[in-house]
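# Summary of the model geometry
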Amino acid sequence: MPKAPRTLGLFDATMLVMGGIIGSGIFINPYVVAQQVHTEALVLGVWGLGGLLAMAGAFIWAELACRLPGAGGQYLYLKEAYHPSVAFLYGWVLLLVTQTGGMAAVAVTFARYLREISGSGASDGTIAAVTLIALSIVNCFGARTGSNVQSALMILKSAAIAALIVAGFTLASPAHVAAVPDARPLALSLGAAMIPVAFSYGGWQTSSFIAGEMRNPARDLSRGLILGVIGVITFYLLTNYAYVHGLGPAGLAATQTPASSLMRLAWGETGARWVALGITISTLGFLSQGILTTPRVYSAMAQDGLFFKSVGWLWPRSGAPVVAILVQGVMATLIALAGRYEQILNYTMAIDFVSFGVTAAGIFMLRRKQHITPAYRVPGHPVTTILFVIVCAVIVASTLYTYPENGLIGWGILIAGLPVYFFWSRRKV
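In what follows, the accompanying structure is described. Owing to the predicted nature of the structure, the values given are computational and were not obtained by experimental measurement.

Calculation rules
- Throughout, a residue's number is its position along its own chain's written sequence, starting from 1.
- pLDDT decides what is reported in this predicted model: residues at 70 or higher carry local features, side-chain atom pairs at 80 or more are listed and counted, and totals for whole chains, interfaces and linings draw on all residues regardless.
- Water and hydrogen atoms play no part in the side-chain values, which are based on all heavy atoms of the structure.
- Numbering of helices and strands runs from the N terminus; a helix is a DSSP stretch of H or I covering at least four residues, while a strand is a stretch of E covering at least two.
- A radius of gyration in this sense is built from C-alpha atoms; the matching globule rule multiplies 2.2 Å by the number of residues raised to 0.38.
- Under the scheme applied here, a residue whose accessible area is under 20% of the maximum for its type counts as buried, over 50% as exposed, and between as partly exposed, the area being computed with a 1.4 Å probe on protein chains only.
- For Phe, Tyr and Trp, where Trp contributes only its six-membered ring, two rings pair if their centres lie within 6.5 Å, and the inter-plane angle classes them as stacked under 30 degrees, edge-to-face over 60, or tilted in between.
- By definition, a salt bridge exists where a carboxyl oxygen of Asp or Glu is found within 4 Å of a side-chain nitrogen of Lys or Arg.
- Angles shown run from 0 to 180 degrees and are taken between the N-to-C directions of axes, each axis being a line fitted to C-alpha atoms and, for helices, limited to the stretch in contact.
- Should an angle fall under 35 degrees it is taken as roughly parallel, and over 145 as roughly antiparallel, whereas 65 to 115 is taken as roughly perpendicular and any remaining angle as oblique.
- By definition in these notes, contact holds between two residues if any of their heavy atoms fall within 4.5 Å.
- Note that Gly is not counted as nonpolar here; it falls among the polar residues with everything else outside the nonpolar set of Ala, Val, Leu, Ile, Met, Phe, Trp, Tyr, Cys and Pro and the charged set of Asp, Glu, Lys and Arg.
- Crossing handedness is read from the near helix: turned anticlockwise from the far helix by less than a right angle, it gives a left-handed crossing, and turned clockwise, a right-handed one.
- Polar contacts, as counted here, are pairs of nitrogen or oxygen atoms within 3.5 Å of one another; within protein the pair requires one atom able to donate a hydrogen and one able to accept it, and residues that are adjacent in sequence qualify only if both atoms are side-chain atoms.
- Multiplying 1.5 Å by the residue count of a helix minus one yields the expected span of that helix.
- This arc is built from the directions going out from the helix axis to the C-beta atoms.
- Patch criteria: residues need more than 30% relative accessible area and no salt bridge. Like-charged residues are merged within 9 Å; nonpolar side chains of Val, Leu, Ile, Met, Phe, Trp and Tyr are merged within 5 Å.
- The accessible surface values rely on the Shrake-Rupley method and a 1.4 Å probe; as for residues, cover is taken only from the protein chains in view.
- Residues enter a nonpolar core if they are buried and are Ala, Val, Leu, Ile, Met, Phe, Trp, Tyr or Cys, with the set joined through side-chain atoms within 4.5 Å.

### Focus: the overall build of the protein
On a plain count of helices and strands, the protein comes out with 16 helices and zero strands. In terms of C-alpha radius of gyration, the protein reaches 21 Å, essentially the compact-globule figure of 22 Å for 429 residues. With respect to the three principal axes, the spread of C-alpha positions in the protein is 70 × 50 × 40 Å. Buried residues in the protein amount to 57% of all 429 residues.

### Section: the packing of aromatic side chains
Describing an aromatic ring pair means giving the distance of the ring centres and the angle of the ring planes. Applying the stated criterion to the full structure yields 20 aromatic pairs. A centroid spacing of 6.3 Å and a plane angle of 65 degrees characterise the contact between tryptophan 61 and phenylalanine 388, whose relative ring orientation is edge-to-face. With a gap of 327 residues between them, tryptophan 61 in helix α4 (residues 40-67) and phenylalanine 388 in helix α15 (residues 383-402) connect regions that are remote in the sequence. Comparing tryptophan 61 with phenylalanine 388 shows no difference in burial state: the two are buried. Both rings, one in phenylalanine 423 and one in tryptophan 424, keep their centres 5.5 Å apart while their planes meet at 75 degrees; by these two values the pair is edge-to-face.

### Some words on the pattern of salt bridges
Scanning the entire structure with this criterion turns up six salt bridges. Close ionic contact of aspartate 124 with arginine 115 constitutes a salt bridge, the shortest N to O distance being 2.7 Å. On the accessibility criterion, aspartate 124 (16% relative accessible area) is buried. Given a relative accessible area of 32%, arginine 115 falls into the partly exposed group. Salt bridges here are not isolated pairs; linked through shared partners, they connect Glu63, Arg67 and Arg367.

### Remarks on the packing of helix α7 (residues 124-139) against helix α13 (residues 322-338)
Interhelical geometry of α7 versus α13 gives an angle of 175 degrees and a closest axis separation of 9 Å. With respect to α13, the element α7 is oriented roughly antiparallel. Taken together, the residues of α13 that come into contact with α7 (itself represented by Gly125, Thr126, Ala128, Ala129, Leu132, Ile133, Ser136 and Asn139) are Ile325, Leu326, Gly329, Ala332, Thr333, Ala336 and Leu337. For the contact of α7 with α13, the class distribution of residues is nine nonpolar, six polar and no charged.

### With respect to the packing of helix α1 (residues 10-21) against helix α11 (residues 258-293)
Following both chains from N to C, one finds α1 and α11 inclined at 120 degrees, their axes separated by 8 Å at the closest point. Overall, the two elements α1 and α11 adopt an arrangement that is oblique. The element α1 and its partner α11 pack so that their crossing is left-handed. Between α1, through Leu16, Gly19, Gly20 and Ile21, and α11, the contact on the second element is made entirely by Gly285, Phe286, Gln289, Leu292 and Thr293. Along the lines of polarity and charge, the residues of the contact of α1 with α11 split into four nonpolar, five polar and no charged.

### Looking at the side chain of asparagine 240
Checked against the element boundaries, asparagine 240 lands in helix α10 (residues 217-254). For asparagine 240, a relative accessible area of 0% puts it in the buried group. Only 3.0 Å separates the side chain of asparagine 240 from the side chain of tryptophan 47, close enough to count as a polar contact.

### As for unusual backbone geometry
Across the junction of histidine 381 and proline 382, the peptide omega takes the value 10 degrees, indicating a cis bond. Here proline 382 is to be found in the loop between α14 (341-369) and α15.

### Quick look at α13
The end-to-end C-alpha separation of α13 is 24 Å, in line with the 24 Å expected for 17 residues at 1.5 Å each. The set of residues buried in α13 consists of Val322, Ala324, Ile325, Gln328, Gly329, Ala332, Thr333, Ile335 and Ala336. One face of α13 carries all of its buried residues, which in axial projection span an arc of 165 degrees. More than 90 degrees from the buried face of α13, the exposed residues found are Leu334, Leu337 and Ala338.

### Observations regarding a nonpolar patch on the surface
On the surface, a nonpolar cluster with roughly 440 Å² of combined accessible area is contributed by Val383, Ile386, Leu387, Ile390 and Val394. Secondary-structure assignment places isoleucine 386 in helix α15. Judged by relative accessible area, isoleucine 386 falls into the partly exposed class, the value being 40%.

### Side note on α4
With 28 residues, α4 should reach 40 Å at 1.5 Å per residue; the first-to-last C-alpha distance of 41 Å fits that figure. In terms of residue burial, α4 counts as a mostly covered element, since 20 of its 28 residues are buried.

### Observations concerning the nonpolar core
The biggest cluster of nonpolar side chains holds 81 residues, and the ones touching the most others in it are Trp61, Trp204, Val229, Tyr236 and Phe388. If near-sequence neighbours (up to four positions away) are discounted, tryptophan 204 is found in contact with Val17, Ile21, Ala54, Gly57, Ala58, Trp61, Leu225, Val229, Phe356 and Phe388.

### Section: the environment of serine 200
Among the structural elements, serine 200 can be located in helix α9 (residues 186-201). In the structure, serine 200 is positioned 177 residues away from glycine 23 in sequence and 7.6 Å away in space, judged by C-alpha atoms. Non-local contacts of serine 200, meaning those with residues more than four positions away in its chain, are made with Ile21, Gly25, Ile26, Asn29, Trp47 and Tyr236.

### Regarding the side chain of threonine 333
By the element assignment, threonine 333 lies in helix α13. At 2.7 Å, the side chain of threonine 333 forms a polar contact with the backbone oxygen of glycine 329. Residues within four places of threonine 333 in sequence aside, it is in contact with Ala129, Leu132 and Ile133.

As structure tokens, then:
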């Protein structure tokens, strides 16, 4: 079987990390946060806490990348730290819930903004399906082609965010409006606000999937994780300061389209149209990153004998896992056309943070198994690692408490993967 060419470097890794995090959330979710916490300090504080959580995750994944720089990233970390069954379950929910469901929802978001800009009469599902298929085909031509597209889109979405920041800073602060007293304890308000923030910061881990196609993954992926997350934190804090400076906390809480509201206030309808274009580019870039990186997990599963053998096939011309890319594209397209993505997104949060917590705890296992000193080690370990795992557990518990039915569906799909794993493992023998 041909090996994927190692063509990606530090710049590519940094762009992949940032592209995996920045989607449409920063343009929409801040109003949800402002509805939960009602002062500028608390709004910015929650986004700062989310950034610290993402940074802690980046530190952990950076050491994991140094210890296990092979293809598959998080799948490989779980396999080596625990057992192949744990890694399989991670790949199972990626394909059936977290990755394809998220891609379908983002593709439909892209379609809605594209229709608004272009005036197209095509349905959201049709545009989403065409977009997913087109990006899947582009990424079949290899990591270098997909990374070039991703980097270009990341630069364009950065320009859109920069314009949003400038617009907010140029506006005079609105008249002060007293915050509505919140009857809930502050801890509950902060917990509710952290859910959309955690969604917006998620995605740094997906860059690890493509480690097998980096020239020096132990060095470049670990550095790219840290640089990319720092870049996103900077963007997010400046953007949210622009929102609360230009709209005020009350004004931010009152609009469901904060980016459009801010740009319309600063530069009229022209500004609103430009930010709609920026959101469209941002969602497209997020999709491109997911299609480029995640199929490497399914390919690794197949090469381990835990999935159809054909899914592990690499196209000799590009070294890309073409079948895995197309399988993921078809799954996401079906979800987009079926219109079930909203329900799926409600239970991806709990499953995602289960995998984050379990993977982070794997650091303890790997340090006992591997008698090596990697080039990068988690600062403050074990305290920082334990805190990260605890926060992940709190987010999972909060999500299950808020959405118990959807949480049970997510866990049901996860548990259903166990008999599938035993089927494939017996077949492999």
